Structures are given as C-alpha cells and as structure tokens.
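So you can see what is in the structure, the chains are spelled out below.
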Amino acid sequence: MTSLPLVFDAPKRALPPRHLADLDAAGRRAAVAELGLPAYRADQLARHYFGRLTADVDTMTDLPAAARGELAALLPPLVTPVLEQSCDGGATRKTLWRAHDGTRAESVLMGYPDRATVCVSSQAGCGMACPFCATGQGGLQRNLSTAEIVEQVRQAAAAARDGALGEPARLSNVVFMGMGEPLANYPRVIAAVRRITEAVPDGLGISARGVTVSTVGLVPAIDRLADEGLPVTLAVSLHTPDDELRDTLVPVNNRWKVDEVLAAARRYAQATGRRVSIEYALIRDVNDQPWRADLLGTVLRREIGARLVHVNLIPLNPTPGSRWDASPRRVQDEFVRRVQAAGVACTVRDTRGREIAAACGQLAATGA
Ligand code: SAH
C-alpha cells in the first residue's frame, strides 16, 4: 500500500491551515523567521491585517514584492463568503461562508445609530442540543479555529468601514451568539478574543467592553474565563429559573444546575466588575408564566445581586419544525414588569434579521 490515498483523502474535519490570526506576537515573528524573512516583516504584515483590515498582500506596497509572495502563506483564505443577504433596510447583513474543508457557518453584521455589532460563530454546528435552537438540531460539525473566528470579525469590520451598512461605520461590538457554544471551544475562543481586543498590530483594537461571550453555562469554563483578565461581558443562557424545565430547554443543565450556573455568574461579575447578562428566550406557555417571572427576579437578586445582573429577553424565533412560538405581546410586557418589580433590570432584545433567518437561534447554515 502506498500512503497516497492519505494525501488525497485529507480528514474532512481537520482544522484549517495556520493563519496569521492564530498567532500571538512571538508566534508571528517565529512564523516569519521560518519563511526566511526578518522579524520586523511580521509587524508590518500584522499592521496591514489588523490595522488596514486587509488580507490582500498585493496592496501591502511597503513590502518588497518577493516578501509579499512569501508572506501570503500566512494569510490563506479561510473564510470564503458564499451567500450574503440583507434586511431591515440594509442595517442587517447575514454572511454564509465556507471553510477550507467545506464546513459552513454564518455571521451577522448589524448597524445601529450608535454602534455596529457582528454576531460570530465559534463552532460549525453545536453540541448543546437546546431544542428551540436551529443550530442545536444539527449537532456539532467541528470547532472553528482562532483565525476562522477572527476572520469573521475582520471581514465584518472591513465591510462596515466600506459602507456595507449604509454610512461607513466602525465595528464596535462582537457577540459570540452565532453558531456554537464558545466555552466548549475554549482555547481558540480566548485567543480570538485577545486578537479582537488587543491594539494594532497585535489585534483589531475593539474594546473588550464591546465583546460578549454567551454560554449555556459551562461552570468550570466560566470560572476560567473570570481568571483571564479579559473584561468581556458574560451572557448566560438561562431561559428559566427552575431546574425541572431547564433540564429540557438547556440539556447541559443535567450536568450543572441553575444554582451552580448562577453562582459562577456571580463569581464572574465580582471578579471582573462587569454586569452579567441573563439571556431568556420567551416561549409561549413554556417559560413565560407570571410566577416564573417572579421566581426569576427573586433568584437573580438572591444569587447574583440586582446591581450585577441584567435580563435580556429574546422573543422566541420559531425554528422550522418546532412546535414552539413566541409569547403574546401582553404576556411579554407582564413578564418584563414582574422582573423589574423584583429590582432586576430587564429589557427586550430587538429581533434583527428575521426575514433572512439571521435572528437569534435561526442560524443553521443550510443555505446554498
Ligand atoms: N451557545 C451559546 C450561544 C448561542 S446563541 C449560548 O447558548 O448562549 C445566543 C442566544 O440565542 C442564546 O441565548 C440562545 O439560547 C438563544 N437562542 C437560540 N435559539 C433561539 C431561538 N430560536 N429564539 C430565540 N433565542 C434563541
């Protein structure tokens, strides 16, 4: 037998080739040295990539042509857009993109009067199996690499700058609320957050305060995140304050219960001084009862403290084949009122991207 078939049958789920955005400053210098180039070329390349938001070496005219050819090896095209869709009058843009192995994932860019936000994927698919979430239905394909995550942000920042949302805008916020469970892909997500938040030439220079990492509640990973010294916002997808229902809505609750998740959220808030966001997809006749709103308010006050928590209600986006629906408006209003009456801040998330299946929980990467 020869080893040829191995060469041609590369494993389908392999992580992509090494990319500049996978590397920290020392790693970039080492990679450039491996190419036989002086270390300062690493810095120049990083300034183009993170500062000018370009991966096209032909535009890097301060680099000698020969060096450009060599350095292109550090900028393999990882994330190729295959479909772009807009809605909300051009203020919401979904990108479906393909990775080197055919894996697909999605990101969504949203413009607001005072900010621009990109919602990125951290995994292709998701292993958490929440029954109301489109991504959860398909299972996990693979983790995304650090650079695949950073590339979603870099391309979104370039698109916003170039007027994709109408007026040229600076990308100010990154939310890990696309496909996947970010804390189940921990080291790559943390490295991506560092690349996103460090200043040029080490990163894109987006304020950590503008970055939100959303989790189903992987308790040990929340504690690890609290120790990273990265003041990102933590969002916890609670969806109900009681274990009985949460065991079915967020299956990982069978491993870490509501009180353990909220204790970890409190430790995070105390360690970082950042208010934790509690995500709550409001589902008609499932988790929208007045008593649950009262219980939610009481439990959050007791376990985290009113000052360190904020509830983000998400009207459920029904996913294809689901028997669930959003709550009626008056039920939603009453829910908000009751949580607020407990002294806990509560707002309703705007639901961008509904017409293009780009709203919360709709990302399933089935298109094209
Ligand atoms: N795995 C992470 C990120 C997921 S997406 C997490 O669970 O937090 C971000 C948010 O969208 C989560 O709170 C998720 O529960 C919510 N979501 C998923 N499907 C939804 C749907 N169909 N309608 C409304 N929100 C949904």
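Residues numbered from 1 in each chain as written. Predicted model: local features only at pLDDT ≥ 70, side-chain atom pairs only at ≥ 80, totals over all residues. Heavy atoms only, no water.

Assigned secondary structure in the chain consists of twelve helices and twelve strands. Radius of gyration (C-alpha) of the chain: 21 Å, near the 21 Å computed for a compact globule of 368 residues. By its C-alpha atoms, the chain is 70 × 45 × 45 Å across when sized along the principal axes. A buried classification covers 56% of the 368 residues belonging to the chain. Residue pairs at least 24 apart in sequence account for 67% of intrachain contacts in the chain once pairs closer than 6 positions are excluded. Counting only carbon and sulfur atoms, one obtains 52% of the accessible surface of the chain, whose full area is about 15500 Å². Seen as two clouds, the 43 positive and the 40 negative side-chain charges of the chain have centres 2 Å apart. (Helix = DSSP H or I, 4+ residues; strand = E, 2+ residues; numbered from the N terminus. Rg over C-alpha atoms; globule rule 2.2 N^0.38 Å. Buried < 20%, exposed > 50% of the residue type's maximum accessible area, 1.4 Å probe, protein only. Contact = heavy atoms within 4.5 Å. Areas by Shrake-Rupley, 256 points an atom, 1.4 Å probe, with all protein chains shown as cover. Lys, Arg positive; Asp, Glu negative; His and termini not counted. Charge placed at Lys NZ, Arg CZ, Asp CG, Glu CD.)

Right, let's get into the nonpolar core. Counting residues in hydrophobic clusters, the biggest one holds 120 residues, and the most contacted among them are Leu171, Val174, Phe176, Ile278, Leu300 and Val311. The element best represented in this core is helix α6 (residues 146-161), accounting for nine residues. Two domains share this core, each providing at least three of its residues, namely domain 1 (20-74) and domain 2 (79-365). With near-sequence residues (within four places) excluded, isoleucine 278 lies in contact with Val236, Leu238, Leu262, Leu300, Ile304, Val309, His310, Val311 and Asn312. (Core = buried A, V, L, I, M, F, W, Y, C linked by side-chain atoms within 4.5 Å. Domains from an automatic or database assignment.)

Okay, the domain arrangement of the chain next. What the domain assignment reports for the chain is domain 1 (20-74) and domain 2 (79-365). The C-alpha-based centres of domain 1 and domain 2 are spaced at 33 Å. At the boundary of domain 1 with domain 2, total buried surface from both sides reaches about 1300 Å², with 56% on carbon and sulfur atoms. Run the count over domain 1 and domain 2 and you get one salt bridge. Notably, a salt bridge pairs aspartate 202 with arginine 28, separated by 2.7 Å at the nearest N-O pair. Taken together, the connections running from domain 1 to domain 2 amount to nine residue pairs in polar contact (both at pLDDT 80 or more). Counting residues per element, the ones that place at least two in the side of domain 1 that touches domain 2 are α2 (25-34) and α3 (40-51). Here the side of domain 1 that touches domain 2 gets six residues from one element, more than from any other, and that element is α3. Of the residues belonging to the side of domain 1 that touches domain 2, the class tally is eight nonpolar, two polar and six charged. (Buried area = accessible area lost by both parts, 1.4 Å probe. Salt bridge = Lys/Arg side-chain N within 4 Å of Asp/Glu carboxyl O. Polar contact = N/O pair within 3.5 Å; in protein donor to acceptor, adjacent residues only side chain to side chain. Nonpolar A, V, L, I, M, F, W, Y, C, P; charged D, E, K, R; others polar.)

Take the pairing of strand β10 (residues 276-282) next. A large share of β10 lies buried, amounting to seven of its seven residues. Side chains Val276, Ile278, Tyr280 and Leu282 project from β10 onto one buried face, and the interleaved Ser277, Glu279 and Ala281 project onto a second face that is buried too. Relative to β10, strand β9 (residues 233-237) runs parallel, the two being bridged by three bridges. Looking at β10, one finds that serine 237 is bridged to glutamate 279. On the question of chirality, the crossover connecting β10 to the parallel strand β11 (residues 309-315) by way of helix α11 (residues 290-303) is right-handed. (Pairing = 2+ DSSP bridges. Right-handed = clockwise from strand over helix to strand, strands pointing away.)

This part takes up α2. Buried residues of α2: Arg28, Ala31 and Val32, and no others. End-on view of α2: buried residues confined to an arc of 100 degrees, all on one side of the axis. Elements in contact with the buried residues of α2: α3 and α4 (65-71). (Arc of directions from axis to C-beta.)

Bringing α6 into the picture now. The terminal C-alpha atoms of α6, which comprises 16 residues, lie 23 Å apart, in line with the 22 Å expected from a rise of 1.5 Å per residue. Counting buried positions over the 16 residues of α6 gives 14, a clear majority of the element. One or two residues past the end of α6 sits glycine 163, with phi positive at roughly 90 degrees. (Expected span 1.5 Å × (residues − 1).)

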